[in-house]
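Observations on chain architecture
Residue strings, one per chain:
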Amino acid sequence: MTTAIPLKHWIKGALESSSIGNGAAALSPAYFASALRIAIDLTRQISDVEQLSDSGLFHGIASLPPPFPVACIDWADCITVSLKPHDEIGEHGESSLQCPSPASLSDSTDDLDELLDKIAQEIENDETELPNENQDSTGVMKQHGSNASYFNVECARIFYCNVPANRVESSMEKLQRIYSLGLVFYQLFSGGEQPPVELLVVASPNGGNLAVVSASLEEGEEQKPASCSGLTYNDFASTLNMSDVTSLDGSSLLGGILNDVNVEHYESNNGYHTTSSSNKRQALSSRSRQNVAPSTGAIIYNVPVDCLIMKGVPRRLCDVICNMIDCINGDFMGNESYSGIADVTSDLQLMLDKPSIYLHDLDVDKLSQTGLELNDTVFERNDELASLKCSYLQSIRGSAELAIITGMSGTGKSTMANQLGSFITANGGVFLSGKFDLQQVMPYSAVASAFNSYVDVLTRVEESELAMMFASKMRMAMGADLFYLIQVIPNLSQLIHESSTDIPPNQDDCVDAQQRLQYLFCQFVEHGMPIFFLGACRNDKTGSDHAFWKMIEDVGAFGFKTTLVKLNCLDKDTVTHVISNLLHLSHRLVGSLSDIVYHKTKGNPLFVSKMLLSLNREGLLRLSLTRNRWEWDEVKIQSRKLPDDVATLLVHNINALPIDAKTALGVLSCFGASTACEVIRALETDLDLNLIEPLNIAIVEGFVDKFDERFCFCHDRILEASYSMIEAQDRCLHHMNYVPFATDISFLLWGTQTHSKNLLLGLSLVALSLTANRNSLLFPAVTQLNLGGPTAVPNAEKYYQIAYYNLIAGKRAMELSDFSSAFSFFDHGMTFLRKKHWSDQYDLSLELFNLAAKCALAIKDLTSLTMICDELSRNARKCEDTLNSSFVLMSALTHSRISESVQFGFRVLSQLGVHIPNSSSRDETMKLISQTKSSLDGISLETLLNYRILTDYKKDMAMKFLAKLENSVQQTNTSLQPLVTIKIIQLTVEHGLSPMSAIGFAYFGGMLAELGDIQEGYQYTKLANALLDKNHSNEIAGELIFLSAELRSYMEPLQVINDCRLQGQATAMAAGDVHWACMNKLMCAGTLLWHGGNLSGVREEAVSAGLFSKEHNHQTSLPYIITFQRSISRLIGDEDEAVNTDLLTRNVIENKNTYQLVIVYFQKMFLSLVFNNYDDMKHSAEKFFEFNMPSWHLLSAHAGHVFIGGLVSFRIFRETCNPLWATRGEAFKDRIHIWRDQGYFPNFGSKSFLLEAEEFYSNGNIERAQVLYENAISSARGHKFIHEEAIACELAATFYLNTGNKSMALKYFTDAYRAYFKWGAFSKVKALYAYMQDKFGTAEGTSADFQSILLNTNSLKRSHSS
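Residues numbered from 1 in each chain as written. Predicted model: local features only at pLDDT ≥ 70, side-chain atom pairs only at ≥ 80, totals over all residues. Heavy atoms only, no water.

Bringing the overall build of the protein into the picture now. Helices and strands together make up the secondary structure of the protein, namely 63 helices and 14 strands. The buried share among the 1362 residues of the protein stands at 54%. Within the structure as shown, the protein displays about 57,800 Å² of accessible surface, and the carbon and sulfur contribution to it stands at 50%. (Helix = DSSP H or I, 4+ residues; strand = E, 2+ residues; numbered from the N terminus. Buried < 20%, exposed > 50% of the residue type's maximum accessible area, 1.4 Å probe, protein only. Areas by Shrake-Rupley, 256 points an atom, 1.4 Å probe, with all protein chains shown as cover.)

Okay, here's the thing in structure tokens:
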């Protein structure tokens, strides 16, 4: 049960319970917290009643007079405080500023009648249960066992006077209530002291003249303020005409007060105050002042503030109390006085919610030194930040997450990223950042910067288990290729400690160096800690058709969830909230300033922050030391012409800097968003010009930051503003020379001085970078020369010098595997060449064009590549000079126009004296193969392995063209593929070994195996692998490993072949060879299926292969993977996935790619065989044989084609008796026998037995067929080919069923059922069960068998469902 006591008794008891008397110097925290709860409860109560009155709920209800508290000078006698029982005291005590929200009358119920009844009852209770003023409050509290209950405040209530019904209330009466409550707050927060008599101002109910209680009391007479306890409205009104209340002239009274306040608090001599634009408020102010009677120099504001501050009341709360009391005078406090009780409630609520901002005093000592301070938390975007935090937390739980922040310039993207970084760091993570700089060509600058910082973190804990484990994984995964990664991430060398990484590998021994580096980056990320990627980009730089959004869409296909956060400009209310938080003033007080700022900035956060700082810097927004708050001059701010955009404002602010600082910012802007400190120091040394110190001034002023030994502009708009201040016509020269006037760069930047001495600093800095071998100097130096352009070159000889520097920079970028930057340097270098450069600088021109061609291939710019090659072919002095560019062009055409690529390659070979016939019959080809074998018979494999090295440059290039043509010719003109292989062998025998010789021997081995001599072919495949190991030719490694694995699948256990394929994938990626990496990955899934792997695992591998091909946009392997996935889905029973892949399969059929069609119809034929769908099987088989073309190379897929093709052929023969199908079946059976006899028997034993069984069954040899079926089943089971066991069991069961032996048929069907189940072919299991039930369900003696099968089937359904 709660206890209600009068407010004055509560004040006395609370002070005593905290051992503080009325005269104490300061209030206790517990007292102050409880007093603040009481204060806000009272304002809410009055506000709720006023809202109900304004809504008209009380009018016309005679029985319910409006419960308006009538203004008087001693409301404290009309207020009670309700206390909770002692056992309800909170766990953490009572000193917190967080009080329970009082129940609002307007929120009590949703039903209007119930609401009115409740209010009437509360009024009645207020009239009948007013506590006795003489009650012993101490005694009351003792009932609860402890005086601590004084601070356990539940609520505070005002007991209302009886007011005549239907009375229309004036606005002045609302202000009088605020004034009355202000007097209560004065007593409450002063510890019970009575307000000075000068403050006891009341007004007549009709809003007439103001009156002041006389300050002239008789000597010894005690002041007795009027009380409203138990008074009616008429009683209170009559007190205004008491004889001791006189009407005074307020002008002298207020004049004296203002004179004092101007000096002590307002500092109005400088015009600083806060204002609002309320016309209504100004009118009220004028009317109030006109009605003030003159008086002597009594002080209203100064007296209570000193008293309250002495009690430890914060100045913010003192201002609230003064403004409330001032309401009786209308506009005494300018526009800070209150116009309604709701404003008071709002201000007090802010103090409760955010005491550190709106209640506690400012640290004026600090702020007077630093001025206005803005940090990352000023512009609160809590919802957006929460979504990023959620995405990050999901990522560390294992989810694949990616977050992107977008928005216009200045909307706070970087700020939000840094806020997330602080959250990550606080939770034990590491936040890495990097920025792409469009103005500066620095290879992989953003990614390299972030990863370099990451390695730096690991290096600091070098001896930790994490660091050592990471270094070990890097060495194992990359080996010597770590060299390339260290070039981009230099700190990695400190962690690896591997001497081999100091030796540069062969730069040309790579298919695509850029792809190689991307692969190494992936390995770096994969073996390190989990990484959450967050990106930020500008909306105006990345439209909806930008490649960036295509990338985001692509990563979504790999299971990544993208969280997109879009930052817009702030709305007006948010700007007000931001300024309110920043200045520690309520929204009401900053409204006028907020209107001005929003009107100019349109809510752009960068513009808002820079404008506020600019106002503070110019003294228009400043700190008042005496009032402990921020003040501004609204009139001066509005009269000042403010910039209409942030760029103009920033230029204005930069112009306010010292000339040296402006100069330094201009220099820095020419280098882009950030510049290494060593570059600036080099400029200082060469120029004898001070740059570091002026940049430190710019750092203090908030234009530049410095971290990780780099000067960085705080925002792109600051960079743009600094750069824009350089005259447009002078920028080229400025970039060319960096700072062309050694002592007075300011002339060029700002036009303030004139000098003619011109230093070619750009050239000297390049020279310095070459001497020091520092890329960090070279790239920005050459970039500056390129930004200057040819028009800024001072003399003719410098053109070629700058072109040469671009050549060096481009080659350095190629070493870093950044071919995009390298191409940019080469392209700029070519623009500096003069008209006669082919005659004047042939070697320089040739190298520039050849390397530019190689880079154009890497970045897939076929248009530029074609133009470069045409230029080379027209101006080259000899054929050899065009070979590199021609090879690059042929390689580029391979990806898009393969037939054109083959024809181009043949033309180049013809120029080199290597002729390939346009056609060749099979007999002619077989004759060439026989001749080649004879030429090799006299050379042992050991001799070939140690053969002499090819030294003829033209022949060596011919070998490269031939090796590149191997795969292309196989796809365009199969009959010519053996001729290309043979030519490689011939050139090797005649001229010596080339790295490409290994490719020739690998293809030659596959050719011999296809012709029937698997063992000899296998020997040449092993020779090819030995040559690869000896020469370490990464350029061909992926292709060679793929070829050798194809033939090894015939000679070695299938279960181990995938180890070879995975090695091939990794090796190919390490060389940037995406094509052969994808092909190796594709065949991993195929091998897993044909050696009998569980279908769920096969599906996972197929999905992985599909994602890998999609990731690298490899269109060659994707159709095969899609078709393969369709088959797996059908076998498992995932019909939805099967339908999706069916659509893609139909697209393959419509495209009519012969090689893809063979695979599509083979898979259809295979599924039809398994599901016993004869019509589809026959149709697919006919299509398969229609499109299947003879091959000159034995592939692992041929084994499956021959095995399934043979089974289908014998089945169709039994149905049609067409001898063509019998012939096909026999031919396939014979090929399997050859592979069985020459190759690895377990891979082909069960296949051979089953094809023989089918052949004997088709020919009517029942006894022989029985034996062979059993042999096939036993062989498959013994060598763990579960899929072959299942197929063999079902075919045997069908054989026995068709020959009348149902018991044996049931036995084998049951075995087939179990094998399919073990394989994971759940869809086939269900179909087989239905078939068996149809054939054997009613047969006598089969119930027990079927009971077992039924149990297995039900178990299968439950398992598959889960």
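What follows concerns helix H60 (residues 1282–1298). Its 17 residues give H60 an end-to-end C-alpha distance of 24 Å, which sits within 8% of 24 Å, the value for a rise of 1.5 Å per residue. With its phi angle positive at about 90 degrees, Gly-1300 sits one or two positions after the end of H60. (Expected span 1.5 Å × (residues − 1).)

Here we come to the nonpolar core. Membership of the largest hydrophobic core comes to 143 residues, with the highest contact counts inside it found for Leu-485, Leu-492 and Phe-524. It is helix H38 (residues 842–858) that provides the largest number of residues to this core, a total of eleven residues. Ignoring sequence-local partners within four residues, the contact set of Phe-524 consists of Phe-451, Tyr-454, Val-455, Phe-470, Met-474, Met-478, Leu-485, Ile-489 and Leu-492. By size, the runner-up hydrophobic cluster in this structure holds 83 residues, among which are Met-1165, Leu-1251, Ala-1272 and Cys-1289. (Core = buried A, V, L, I, M, F, W, Y, C linked by side-chain atoms within 4.5 Å. Contact = heavy atoms within 4.5 Å.)

Interaxial distance between helix H14 (residues 382–396) and helix H15 (residues 413–426) falls to 10 Å at its minimum, and their mutual angle equals 45 degrees. One finds that H14 runs oblique with respect to H15. Where H14 crosses over H15, the handedness of that crossing is right-handed. On the side of H14, the interface is formed by Glu-384, Leu-385, Leu-388, Lys-389, Tyr-392 and Leu-393, while H15 contributes Met-416, Gln-419, Leu-420, Phe-423 and Ile-424. (Axes fitted to C-alpha atoms, helices over the stretch in contact; angles between N-to-C directions. Parallel < 35°, antiparallel > 145°, perpendicular 65-115°, else oblique. Left-handed = near helix turned anticlockwise from the far one by under 90°.)

In this section: the confidence of the model for the protein. Considering every residue of the protein, the mean pLDDT works out to 76; 73% of them sit at 70 or more. Between residues 89–113, whose pLDDT stays under 50, and residues either more than four places distant or in other chains, the model counts 46 contacts. Confidence drops under a pLDDT of 50 for residues 733–761, and excluding neighbours within four residues, the segment shows 92 contacts in the predicted structure. (pLDDT = per-residue confidence, 0-100.)

Within this structure, the stated rule accounts for 25 salt bridges. In this structure, Glu-1052 engages Arg-1048 in a salt bridge whose closest nitrogen and oxygen atoms are separated by 2.9 Å. By relative accessible area, Arg-1048 is classed as partly exposed at 23%. Across the pair Glu-1215 and Arg-1211 runs a salt bridge whose closest N-O atoms are separated by 3.4 Å. In this pair, Glu-1215 and Arg-1211 both sit in helix H56 (residues 1197–1216), four residues apart, roughly one turn of the helix. The class of Glu-1215 is partly exposed, set by a relative accessible area of 46%. The exposure class assigned to Arg-1211 is buried, which follows from its relative accessible area of 19%. (Salt bridge = Lys/Arg side-chain N within 4 Å of Asp/Glu carboxyl O.)

The next thing to look at is the sheet that holds strand E9 (residues 561–567). An order of E8-E7-E9 is seen for the three strands of this open sheet, with the pairing classed as parallel. Here the strands that pair on one side only, and so sit at the sheet edges, are strand E8 (533–538) and E9. For this sheet, the mean angle separating the axes of adjacent strands, direction not counted, is 20 degrees. As paired elements, strand E7 (residues 401–407) and E8 share six bridges and run parallel to each other. When the bridges of E8 are listed, Ala-403 appears paired with Leu-534. (Pairing = 2+ DSSP bridges.)

On the basis of which strands lie adjacent, the open sheet formed by three strands has the order E12-E14-E13 and antiparallel pairing. Here the strands that pair on one side only, and so sit at the sheet edges, are strand E12 (674–676) and strand E13 (704–707). Direction aside, the axes of adjacent strands within the sheet are offset by 20 degrees on average. As judged from the three bridges shared by E12 and strand E14 (residues 710–713), these two strands associate in the antiparallel manner. Residue pairing across strands places Ser-674 opposite Cys-712, the latter belonging to E14. Those strands touched by helix H27 (residues 659–669) are E12, E13 and E14, and its axis lies near 95 degrees from that of E14.

Here the focus is the side chain of Ser-1109. Looking at where Ser-1109 falls in the secondary structure, it is placed in helix H51 (residues 1095–1111). On the basis of relative accessible area, Ser-1109 is assigned to the buried category, the value being 1%. There is a polar contact of 2.7 Å between the side chain of Ser-1109 and the side chain of Ser-1117. If near-sequence neighbours (up to four positions away) are discounted, Ser-1109 is found in contact with Cys-1078, His-1114, Ser-1117, Leu-1118 and Ile-1121. (Polar contact = N/O pair within 3.5 Å; in protein donor to acceptor, adjacent residues only side chain to side chain.)

All right, on to the packing of aromatic side chains then. On inspection of all chains with the given rule, the structure shows 32 aromatic pairs. Ring centres of Tyr-1296 and Tyr-1308 lie 5.4 Å apart, and the angle between their planes is 0 degrees; on these two criteria the pair is classed as stacked. Taken together, the residues Tyr-1296 in helix H60 and Tyr-1308 in helix H61 (residues 1302–1319) connect sequence positions twelve residues apart. For the pair Tyr-1296 and Tyr-1308, a shared accessibility class is recorded, and that class is buried. Plain terms: the ring middles of Phe-1309 and Tyr-1331 are 5.6 Å apart, the flat faces sit at 65 degrees to each other, and that makes the pair edge-to-face. Here Tyr-1331 lies in helix H62 (residues 1322–1336) and Phe-1309 lies in helix H61, a separation of 22 residues in the sequence. Classification of Tyr-1331 as partly exposed rests on a relative accessible area of 28%. Each member of the aromatic cluster is reached from another via a ring pair, and the members are Trp-1090, Phe-1162, Phe-1166, Phe-1184, Phe-1185, Trp-1221 and Phe-1228. Above the face of the Tyr-799 ring, Arg-834 is positioned so that its terminal group lies 3.9 Å from the ring centre. For Arg-1224, the ring lying beneath its charged end belongs to Phe-1185, and the centroid distance is 4.2 Å. (Phe/Tyr/Trp six-rings, centres within 6.5 Å; stacked < 30°, edge-to-face > 60°. Lys NZ or Arg CZ within 6 Å of the ring centre and 35° of its normal.)

Before going further, it helps to examine the side chain of Lys-1229. By the element assignment, Lys-1229 lies in helix H57 (residues 1219–1238). The residues touching Lys-1229, leaving out its near neighbours within four places in the chain, are Leu-1251, Glu-1252 and Glu-1255.

Residues Arg-629 and Glu-631 point to one face of strand E11 (residues 629–632) and Trp-630 and Trp-632 to the other, with burial holding for every one of them. Pairing analysis gives four bridges linking strand E10 (residues 621–624) to E11, with the strands arranged antiparallel. Following the sheet pairing, Leu-621 is matched in E11 by Trp-632. Hairpin connection between E10 and E11: a loop of four residues separates the two successive antiparallel strands, and Asn-628 in this loop has a positive phi of roughly 55 degrees.

Turning next to unusual backbone geometry. Leaving glycine out, the prevailing phi sign among residues is negative, and the prevailing peptide bond configuration is trans. Here the phi dihedral of Lys-602 falls at roughly 55 degrees; this positive angle occurs in a residue that is not glycine. Here Lys-602 is to be found in the loop between helix H23 (587–601) and helix H24 (605–617). Phi is positive for Lys-1280, close to 65 degrees, though the residue is something other than glycine. For Lys-1280, the location among the structural elements is in the loop between helix H59 (1262–1278) and H60.

For the rest of this paragraph, the subject is the packing of H59 against H60. Between two packed helices, both the angle of their axes relative to each other and the distance between the axes serve to describe the pair. Two elements in contact, H59 and H60, have axes whose closest approach is 8 Å; the angle formed by their N-to-C orientations is 160 degrees. The angle between H59 and H60 falls in the class roughly antiparallel. Here H59 runs over H60; the crossing is left-handed. Residues Ile-1262, Ala-1265, Gln-1266, Tyr-1269, Ala-1272, Ile-1273, Ala-1276 and Arg-1277 of H59 touch H60, and the partners they reach there are Glu-1284, Glu-1285, Ala-1288, Cys-1289, Leu-1291, Ala-1292, Phe-1295 and Tyr-1296. Grouping the amino acids of the contact of H59 with H60 by side-chain chemistry returns twelve nonpolar, one polar and three charged. (Nonpolar A, V, L, I, M, F, W, Y, C, P; charged D, E, K, R; others polar.)

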